[in-house]
Amino acid sequence: MKKATSLLCMMAFCAGSLRAQAPKPAPAEQAKMNTFVSQLMARMTIDEKIGQLNLVTGGEATTGEAVSNDVEGKIAKGQVGGIFSLTTPGRVRKAQQIAVTKSRLKIPLIFGQDVIHGYKTTFPIPLALAASWDMALVERTARVAANEASADGINWTFSPMVDIARDARWGRIAESCGEDTYLASQIARVMVKGYQGDDLKKNNTLMACVKHFALYGAAESGRDYNTTDMSLNRMYNEYLPPYKAAIDAGAGSVMASFNDINGVPATANKWLLTDLLRKQWGFTGFVTSDYTGVNELIEHGLGDLQRVSALSLKAGMEMDMVSEGYVKTLKKSLEEGKVSAADIDNACRLILEAKYKLGLFDDPYKYCSEKRAKTEILTPANIKFARDAAAQTFVLLKNQNKVLPLKKAGTIAVIGPLANTRANMPGTWSVNADLANTPSLLEGIKAVAGNKVTVLNSLGSNLTSDATLQKNATMFGRDIPRDERPEEVVINEAVATAQKADVVVAALGESSEMSGESSSRTDIGIPEVQKHLLAALLKTGKPVVLVLFAGRPMTIKWESENVPAILNVWFGGSQAANAIADVLFGDVNPSGKLAATFPQNIGQVPMYYSQKSTGRPLAPGTWFTKFRSGYLDVSNDPLYPFGYGLSYTTFSYGDVKLSANSFKPGQSITASVTVTNTGSVEGKEVVQLYTRDLVGSITRPVKELKGFQKISLKPGESKTVTFTISENDLKFYNADLQYVAEPGDFKIFIGPNSSDVKESQFALLGK
Ligand code: NOJ
């Protein structure tokens, strides 16, 4: 065994104080911008100012019923501030040209797009990227995306999405960083950095838009766009920190969420958008609504278009996406005294400032280079990175008898409705992905297996037996082949194929449009017809590897009990197929860890590791005890806990060693653990640190993630991972919303996931 080396993980606790101030530009630069914008605004009519608040769609990808019309005419009249979903240098240049040559004041447009997990080079869905626990990798995906999108005319992305999501029924959990506040906050920070770089004025950066502000992930019953109702305690301690982390990292804009929050929709929520965001957090960028967010306030029951537009503006919502409520009604509201000139001026100023920060007044065509579009998109380096990145996100859930990795020899049957489809690979919210040139899993396996392997294929089943459900779950061209013959005939055909093989790879699970926006599910298992296929394949007695496509934690209890190997591959972007094959054949050792808990069944949802104890907790290891908090029919355990994921090697953890058993405010201690690779191949491990505040003025979670470190170990190698803990890491919002650390005892846990941990204890002393 090699000597232990030491790693120091300094715990920059970015999920911490919600009171820190967002970064501000240097005073001289700020003054220059103020003068420029003031001089411009002095020349603007009220109509032109209102025009800047109008965001229209170019129509390439729409997420609602309203579509903007006569866009060119409106730009020429100065009635448009920005366009989203219009790409390529040619089209963007044409629209920009109208703005800067035909409109009276020649104010350039801002161009937005949902660049969510990559651009044309598509990376894994955000829930998968979170499972990499590799912040440098996540940052680089954002950097590559920014480079490609900006080469194609875009300068503003509606990302990062950092809604804490704990209800797996909610389809948009796929777009989130999962359930944990600390992990999501780290991701928020690095994604903003990746998009915005060190200088927004450069032509290869994008302005970030943190969304969906706020609490959208807590939609009741996991139904999209639904109501949110939450205590301030939970809001401040668990749901708000990731948005704040993005803002602290300098995100230039924020998107208001669709949901209402304790009775007031976010789009018109003054407490949220002004008191919290601007006054407490010091945010200086602009807020956009979500798609038709202003208009939807009518349906929420807040009044007619004029009233809801005035309410939104006064709440602190500057840009109106697609509703055209501002252009249609704000002037009337001004005349009637329902909004003030200062309200309009303030909103207009913030949008002009964003354009100034992007350097659009210096060069409105800076993102319109045909040459860049030809040479910087889908480059071999980007494609290679997409493949490497995807392989880091897969989570090995089970590997009995070392079924994996597969040998590059013999016959492999690749079976299932998701095996031979290109369109299903990139994942939800990949509007720019080149579906036709994305290899299918079958193609990826054939390419990586080499010429000593015979690869067979059979459909085996439809995605779902219900053709309408399959149609609704494969929208936007994400087609999956369908066979209308009787279910048994299609399954029998696959069984015959399996019988000719040495091993079966079953490509099953969700289609990519079974998660994402407006794709909530009340049954989060593998569709029944696919389960019938899986059971039939298992009956052949051949070893079966389930390659699980999923946009959410799924209920796969039966599968976990019956299938020898399960590799959860989410939706891995344009190179998913090759990356899956790399992992299946052991060219890459899997190292992903779940960023959201897999429940045993749907009744346990919402489920997350950082729960409160309750006054009647079940004793560890027990299932049901009368008058204790639990269920008659299922234990409180998850199927797979947060932070869980296996490797082709094994790791052992030594005991937690503390540098001291107590410390005072202003001091710190370290906690170390030695991790050893006890298997026979090199592998990566995510070492996770959790704490529990044992006595508090309010109830505290049973565990909270406070740090992690991804390390790589050769067979037999050991490394000592060290975390530093200071008072700041123990702070939380108390009942009066003061951000405090309370002296007392704390447990500390270190381990490979949130359940299997070694523990120790320390005390925070009084001053
Ligand atoms: C609606 C979605 O909620 C949001 O995430 C997205 O950015 C907008 N549509 C624009 O496409």
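Residues numbered from 1 in each chain as written. Predicted model: local features only at pLDDT ≥ 70, side-chain atom pairs only at ≥ 80, totals over all residues. Heavy atoms only, no water.

**Q** Honestly, the pattern of salt bridges in this entry has me stumped. Any pointers?
**A** Opposite charge on two side chains permits them to pair, given that their charged atoms come into close proximity. Counting across every chain of the model gives 39 salt bridges. The closest approach of N and O atoms between K279 and D275, which form a salt bridge, is 3.7 Å. Linking K279 with D275, this pair stays in helix α10 (residues 270-280), spanning four residues, or about one helical turn. Judged by relative accessible area, which is 60%, K279 ranks as exposed. On the accessibility criterion, D275 (26% relative accessible area) is partly exposed. Among the salt bridges present, the one from E704 reaches R700, with a minimum N-O distance of 3.0 Å. One salt-bridge network, held together by shared partners, links D693, R700, E704 and K706. (Salt bridge = Lys/Arg side-chain N within 4 Å of Asp/Glu carboxyl O. Helix = DSSP H or I, 4+ residues; strand = E, 2+ residues; numbered from the N terminus. Buried < 20%, exposed > 50% of the residue type's maximum accessible area, 1.4 Å probe, protein only.)

**Q** Explanation requested: the site of the ligand in the structure shown.
**A** As a structural note, the neighbourhood of the ligand is formed by 14 residues, with T63, D114, R172, H212 and D290 the closest of them. One nitrogen or oxygen atom from the side chain of D114 is found 2.5 Å from an oxygen atom belonging to the ligand. In this structure, an oxygen atom belonging to the ligand sits 2.8 Å away from a side-chain N or O atom of K211. Burial of the ligand by the protein chains amounts to 100% of its free accessible area of 300 Å². Of the residues that constitute the shell around the ligand, the class distribution is seven nonpolar, two polar and five charged. (Near = heavy atom within 4 Å. Polar contact = N/O pair within 3.5 Å; in protein donor to acceptor, adjacent residues only side chain to side chain. Areas by Shrake-Rupley, 256 points an atom, 1.4 Å probe, with all protein chains shown as cover. Nonpolar A, V, L, I, M, F, W, Y, C, P; charged D, E, K, R; others polar.)

**Q** Help me understand the environment of L206 in this model?
**A** Secondary-structure assignment places L206 in the loop between α7 (181-196) and β6 (207-213). Take L206: its relative accessible area is 0%, and that puts it in the buried class. Linking L206 and R700, residues 494 residues apart in sequence, is a C-alpha distance of 38 Å.

**Q** Whenever I open this one, the domain arrangement of the protein confuses me. Can you help?
**A** Frequently, the measure chosen for interface size is the accessible area that the parts lose on association. With domains assigned, the protein is organised as domain 1 (2-115 + 154-373), domain 2 (378-596), domain 3 (600-637) and domain 4 (651-764). Just the C-alpha atoms count here: the centres of domain 1 and domain 3 sit 40 Å apart. In this assembly, nine residues from domain 1 lie in contact with eight residues from domain 3. Summed over both partners, the interface of domain 1 with domain 3 comes to about 720 Å²; 47% of that surface belongs to carbon and sulfur atoms. Three residues, R166, R169 and E179, lead the burial of domain 1 against domain 3; their summed loss comes to 59% of the area buried on that side. (Domains from an automatic or database assignment. Contact = heavy atoms within 4.5 Å. Buried area = accessible area lost by both parts, 1.4 Å probe.)

**Q** Please explain the layout of surface pockets as it appears in this structure.
**A** Any empty space left between the atoms is revealed when a probe the size of a water molecule rolls over them. If you add up the space inside the largest pocket, you get close to 1200 Å³. Y609, L618, N636, D637 and V702 are, among the 36 residues lining the largest pocket, the residues nearest its centre. The residue makeup of the lining of the largest pocket, split by class, is 16 nonpolar, 13 polar and seven charged. Both domains that meet at the lining of the largest pocket, namely domain 3 (600-637) and domain 4 (651-764), each give it at least three residues. If you trace the second largest pocket, you find 34 residues lining it, with N472, F476, E513, E517 and S519 closest to the centre. Elements supplying a minimum of two residues to the lining of the second largest pocket: α18 (467-472) and α20 (528-539). Across the lining of the second largest pocket, the residue classes break down as twelve nonpolar, 15 polar and seven charged. Residues lining the lining of the second largest pocket come from more than one domain, with at least three contributed by each of domain 1 (2-115 + 154-373) and domain 2 (378-596). (1 Å grid on protein atoms, 1.4 Å probe; cavity = no way out; pocket = protein on both sides within 12 Å on 5 of 7 lines; lining within 4 Å. Points joined across faces, edges and corners; volume = space filled by probe spheres on them.)

**Q** When you look at the packing of helix α8 (residues 232-239) against helix α9 (residues 241-248) in this model, what are you seeing that I'm missing?
**A** Between two packed helices, what matters for the description is the angle formed by their axes and the separation of those axes. Relative orientation of the contacting elements α8 and α9 amounts to 50°, with a least axis distance of 6 Å. If you check the angle between α8 and α9, you find them oblique. Here α8 contributes M235, Y236, N237, E238 and Y239 to the contact with α9, which in turn contributes P241, P242 and Y243. For the contact of α8 with α9, the per-class residue count stands at six nonpolar, one polar and one charged. (Axes fitted to C-alpha atoms, helices over the stretch in contact; angles between N-to-C directions. Parallel < 35°, antiparallel > 145°, perpendicular 65-115°, else oblique.)

**Q** Help me out: how do you make sense of the packing of aromatic side chains in this one?
**A** In this description, an aromatic ring pair is defined by two values, namely the gap between the centres and the angle between the planes. According to the stated counting rule, one finds 25 aromatic pairs in the structure shown. Between W156 and F286 the ring centres are 5.3 Å apart and the planes differ by 50°, which places this aromatic pair in the tilted class. Placement of W156 in strand β5 (residues 156-157) and of F286 in strand β10 (residues 286-288) is noted, with a sequence separation of 130 residues between them. Across the pair, F286 and W156 agree in class, each one buried. Both rings, one in F746 and one in F762, keep their centres 5.4 Å apart while their planes meet at 10°; by these two values the pair is stacked. A residue pair is termed long-range when its members are at least 10 positions apart, and F746 in strand β27 (residues 744-751) and F762 in strand β28 (residues 758-764) qualify at 16 residues. By relative accessible area, F746 is classed as buried at 1%. Residue classification places F762 among the buried positions, given a relative accessible area of 2%. An aromatic cluster is present here, built from W133, Y182, Y609, F642, Y690 and F708 joined pairwise through their rings. The ring centre of Y608 lies 4.3 Å from the NZ or CZ of R166, which sits over that ring. (Phe/Tyr/Trp six-rings, centres within 6.5 Å; stacked < 30°, edge-to-face > 60°. Lys NZ or Arg CZ within 6 Å of the ring centre and 35° of its normal.)

**Q** Would you mind going over the sheet that holds strand β4 (residues 110-113) with me for this structure?
**A** Hydrogen bonding along the main chain pairs the strands of a sheet, whether they run parallel or antiparallel. Pairing is parallel across the open sheet formed by eight strands, whose spatial order is β10-β7-β6-β5-β4-β3-β2-β11. Looking at which strands have only one partner, the edges of the open sheet turn out to be β10 and β11 (320-321). Examined bridge by bridge, strand β7 (residues 253-256) and β10 share three bridges and lie parallel to one another. When the bridges of β10 are listed, M255 appears paired with T288. Helix α14 (residues 341-357) rests against β4, β6 and β10 of the sheet, and its axis sits at about 105° to β10. (Pairing = 2+ DSSP bridges.)

**Q** How should I be thinking about the sheet that holds strand β12 (residues 395-399) in this particular structure?
**A** Taken together, the six strands give an open sheet; going across it, the order is β12-β17-β16-β15-β13-β14, and neighbouring strands pair in mixed fashion. Where the open sheet ends on each side, the last strands, each with one partner, are β12 and β14 (453-458). Adjacent strand axes in the sheet meet at a mean angle of 20°, parallel and antiparallel pairs treated alike. As paired strands, strand β16 (residues 544-549) and strand β17 (residues 565-568) are joined by four bridges and run parallel to one another. When the bridges of β17 are listed, L546 appears paired with I566.

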